[in-house]
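Here's the letter readout for the chains.
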Amino acid sequence: MDVTLVLLALFSTVGLVFTYLAISERDLVRAIIYSAVQSSAYAVLLYLLRAPDIVLVYLPVAVGLYPAALLFLVGKTEKVDGG
Amino acid sequence: MALSTLERFLLTLTLYNLLVTAAISIYGIVARPSLAKKIIALTILGDSLNVLAIFIGFRVFSIPPVLTAEAELSYFVGLAVDPLPQALVLTAIVIGLAVNLFLIFLALQVYRLYGTLDTRRIRELRG
Amino acid sequence: MRRVVVLVSIAVSVALLAYATSVAGALGYLGLETRALARMLLALAYNPGLRELTAMSPEAVTAIVWDFRGVDTLYETVVFYMAIIAALAIYRGAPKVGGGGGIGLSLIAKVVTKLLIPMNIAVAVSIAVHGHLTPGGGFQAGAALAVVSVLLAVVFSASSFSKVGVDVSKAVALRSAGLVAIAVVVFTPLIYSSVTGAQAYLMQSYVKVDSGFAFPVEVFGQLISGTLIWLNVAEFLAVSFGFFIIFMLLSLREDVVRSALVGEEHGSQHS
């Protein structure tokens, strides 16, 4: 019984929950924060899948650069997802 | 080497979680009206499909595909995960990043021209 | 009504995909065995016994990215380059320097960031240069250095870029230098082949069956794996300064940019 498989299932479920929260949230800043948490869960998932090169790309890109660029976009335009 | 039922259940559960995440993000692209929310959902879709591609090359009881000083070659080949999906996903992440950054710039320009990011109002305002 | 159709179609297609991948085995038997192609690539990544087929790099993923499937990576660099050109084209005519003013965050944040930025630069350079021995490489290092540009734009303000000495034209020049270095390394075997008449292939890194041309593999006993280290460092320069351009443009003040763009659209020129 490998601990890796239990942790794989756990972190993919965390990613699923935060994806649903990010898509259904009206306030855009909170949606960006939820998607950053989901990306952190996926970074742990990628480490458990024995892919250290991908973790080194994924961590700055999905946790640092995407939320930063999206927050610049949301700060200059509308902050609420209407409807 | 066969997997026990519990191990196979956990692997299948991870696979289903990735597929359902992709499904929820496709719903988010189609059904939410704000352009910024569509871009967020597009990044989540790309991430979940890339993780799915790496999950294909996974094998239980394995080591990363890096040859260390003390490992011998046949032991390494018999125990490491598949390096080819990792190389392809590296390319895919960078291309997805380029496309998403360009979409963010386009969304900024749409806001400057139409005054709103809501696609229902843009449809009425066109022209 | 339309939303119901969307939901039902997504659910049906995901159920079909889940059935195909888990029960019918469309993705292979998950978690059990690797394919023959994977075993061959792992055996050939560092194999001094088979000199004509190996890439001489103990890191299998970097060997695949820059040696076995090197032309894919070349085209991906071109795609990234085009995205940066598109961003520069949208901002044409806008003043490319962050205006004066802008305070940034508090003093505590600024002091802590001043301690963190040199560590970030050191880690990024180490990842780039060690890309053929440990997990790392050009893209990883470029993304890690791009976080520095985000920190500069947010913690200090947008005017901090000119104080550090980086503006958009210098970043474009450095990025182009990285791309030119990649082109030089890629075309060197062809130039060698046309000068001496021997056989050599595009992007060739080590000896092949019918070609004796090889980049140096070891320097003073340290492994540098042919073209891999030069391509990693050049890609690091190109990617990191591409990200600097993007975040320098995104942090410009919106009213300044808008007045420049609207003025150009109506025919009047702001100098």
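Criteria and thresholds
Residue positions are counted from 1 within each chain, in the order its sequence is given. Chain letters start at A and ligand numbers start at 1, both assigned in the order the entries are written. A pLDDT threshold of at least 70 governs which residues receive local features in this predicted model, and a stricter bar of 80 or more applies before side-chain atom pairs are shown or counted, although totals over entire chains, interfaces and linings include all residues. Per the convention used, a helix needs a DSSP run of H or I reaching at least four residues, while a strand needs a run of E reaching at least two, with both numbered from the N terminus. For this measure, only C-alpha atoms enter the radius of gyration; the expected value for a globule follows 2.2 Å times N^0.38, where N is the number of residues. Buried residues are those with 20 or more other C-beta atoms within 10 Å of their own C-beta, exposed residues have 12 or fewer, and partly exposed residues lie in between; C-beta atoms are placed from the backbone. Fitted lines through C-alpha atoms serve as axes, helices being fitted only where they are in contact, and the angles separating the N-to-C directions of these axes extend from 0 to 180 degrees. Relative orientations are named as follows: roughly parallel for angles under 35 degrees, roughly antiparallel for angles over 145 degrees, roughly perpendicular for angles from 65 to 115 degrees, and oblique for any other angle. Whether a crossing is left-handed or right-handed is set by the direction in which the near helix is turned from the far one by less than a right angle, anticlockwise for left-handed and clockwise for right-handed. For every residue pair, C-beta atoms are placed from the backbone, and the pair is scored as a contact if these atoms sit within 7 Å. Put simply, Ala, Val, Leu, Ile, Met, Phe, Trp, Tyr, Cys and Pro go in the nonpolar bin, Asp, Glu, Lys and Arg in the charged bin, and everything else, Gly too, in the polar bin. Per-residue confidence from the predictor is reported as pLDDT, a score between 0 and 100. Here, a nonpolar core means buried Ala, Val, Leu, Ile, Met, Phe, Trp, Tyr and Cys residues linked by C-beta atoms lying within 7 Å of one another. To estimate the expected span of a helix, subtract one from its residue number and multiply by 1.5 Å. For this quantity, the arc is that covered by the directions from the helix axis to the C-beta atoms. Here the bend at a residue means the angle between the axes of two seven-residue stretches, the one that ends at it and the one that starts at it.

**With respect to the overall build of chain B**
Looking only at helices and strands, chain B has five helices and zero strands in total. When the helices and strands of chain B are listed from N to C terminus, the series reads α-α-α-α-α. By the compact-globule yardstick of 14 Å for 127 residues, chain B is too spread out, its C-alpha radius of gyration being 21 Å. C-alpha extents for chain B along the principal axes are approximately 65 × 35 × 15 Å. For chain B, buried positions account for 49% of its 127 residues.

**Some remarks on the overall build of chain C**
Across its full length, chain C carries 10 helices and two strands. Its helices and strands taken in sequence order, chain C reads α-α-α-α-α-α-α-α-β-β-α-α from the N to the C terminus. The C-alpha radius of gyration of chain C comes to 24 Å, more than 25% above the 18 Å expected for a compact globule of 271 residues. When its C-alpha atoms are laid out on the principal axes, chain C stretches across 65 × 65 × 45 Å. The 271 residues of chain C split such that 36% are buried.

**So, the packing of helix α6 (residues 138–154) of chain C against helix α9 (residues 228–250) of chain C**
All names here are of chain C. At a closest axis distance of 8 Å, the pairing of α6 and α9 adopts a crossing angle of 30 degrees. For the element pair α6 / α9, the angle class is roughly parallel. As α6 packs across α9, the resulting crossing turns out to be right-handed. Residue-level contacts link Gly138, Phe139, Ala141, Gly142, Leu145, Ala146, Ser149, Val150 and Ala153 of α6 to Leu231, Asn232, Glu235, Phe236, Val239, Ser240, Phe243, Phe244 and Phe247 of α9. The class makeup of the residues in the contact of α6 with α9 is 12 nonpolar, five polar and one charged.

**Observations concerning the confidence of the model for chain B**
Put simply, chain B has an average pLDDT of 88, and 96% of its residues get 70 or more. Ranking the helices and strands of chain B by mean pLDDT puts helix α2 (residues 35–56) of chain B first, with 94, and helix α3 (residues 73–79) of chain B last, with 82.

**Considerations on the nonpolar core**
One finds Leu46 of chain A together with Ala36 of chain B to be the most contacted residues of the largest nonpolar core, which totals 131 residues. Beyond its immediate sequence surroundings of up to four residues, Leu46 of chain A is in contact with Ala51, Ile54, Val55 and Tyr58 of chain A together with Val51 and Ile54 of chain B.

**Digging into the interface of chain B and chain A**
Taken together, the contacts link 47 residues of chain B with 44 residues of chain A. It is helix α1 (residues 5–31) of chain B that contributes the most residues to the side of chain B that touches chain A, 13 residues altogether. Of the residues belonging to the side of chain B that touches chain A, the class tally is 32 nonpolar, 10 polar and five charged.

**Description of the confidence of the model for chain C**
Residues and elements named next belong to chain C. Averaged over every residue, the pLDDT of chain C is 85; the share at 70 or more is 92%. The element-level mean pLDDT for chain C is lowest in helix α10 (residues 254–265), coming to 74, with helix α5 (residues 107–129) highest at 94. With a pTM of 0.90, the predicted complex shows an ipTM of 0.93.

**Topic: the packing of α1 of chain B against helix α1 (residues 2–23) of chain C**
Two numbers describe a pair of packed helices, the interaxial angle and the distance between the axes. At a closest axis distance of 10 Å, the pairing of α1 of chain B and α1 of chain C adopts a crossing angle of 155 degrees. Overall, the two elements α1 of chain B and α1 of chain C adopt an arrangement that is roughly antiparallel. The interaxial crossing formed by α1 of chain B with α1 of chain C has right-handed handedness. Between α1 of chain B, through Thr12, Leu15, Tyr16, Leu19, Val20, Ala23, Ile26, Tyr27, Val30 and Ala31 of chain B, and α1 of chain C, the contact on the second element is made entirely by Arg3, Val6, Leu7, Ile10, Val14, Leu17, Ala18, Thr21 and Ser22 of chain C. When grouped by side-chain class, the residues that make up the contact of α1 of chain B with α1 of chain C number 15 nonpolar, three polar and one charged.

**Quick notes on helix α4 (residues 70–90) of chain C**
All names here are of chain C. In this model, α4 (21 residues) spans 31 Å end to end at C-alpha, consistent with the 30 Å of a helix rising 1.5 Å per residue. Three or more residues of α4 are buried, namely Gly70, Thr73, Glu76, Thr77, Phe80, Ala83, Ile84 and Ala87. All buried residues of α4 lie within an arc of 130 degrees about the axis, which places them on one face of the element. Facing away from the buried side of α4, by more than 90 degrees, are the exposed residues Val71, Tyr75, Val78, Met82, Ile85 and Ala89.

**As for unusual backbone geometry**
All names here are of chain C. For Met56, which is not a glycine, the phi torsion comes out positive at approximately 55 degrees. Checked against the element boundaries, Met56 lands in the loop between α2 (36–44) and α3 (60–68). With a phi angle near 60 degrees, Met203 is a residue other than glycine that sits in the positive phi range. Here Met203 shows up in the loop between α8 (168–196) and β1 (218–219).

**Concerning helix α3 (residues 52–76) of chain A**
Along its 25 residues, α3 of chain A runs 36 Å from first to last C-alpha, staying within 8% of the 36 Å computed at 1.5 Å per residue. By the largest-angle criterion, Tyr58 of chain A marks the main kink of α3 of chain A, which is about 35 degrees, and a proline, Pro60 of chain A, follows within four residues.

**Some points on the environment of Phe215 of chain C**
Following the sequence through the fold, Phe215 of chain C ends up in the loop between α8 and β1. In the structure, Phe215 of chain C is positioned 11 residues away from Gln204 of chain C in sequence and 8.3 Å away in space, judged by C-alpha atoms.

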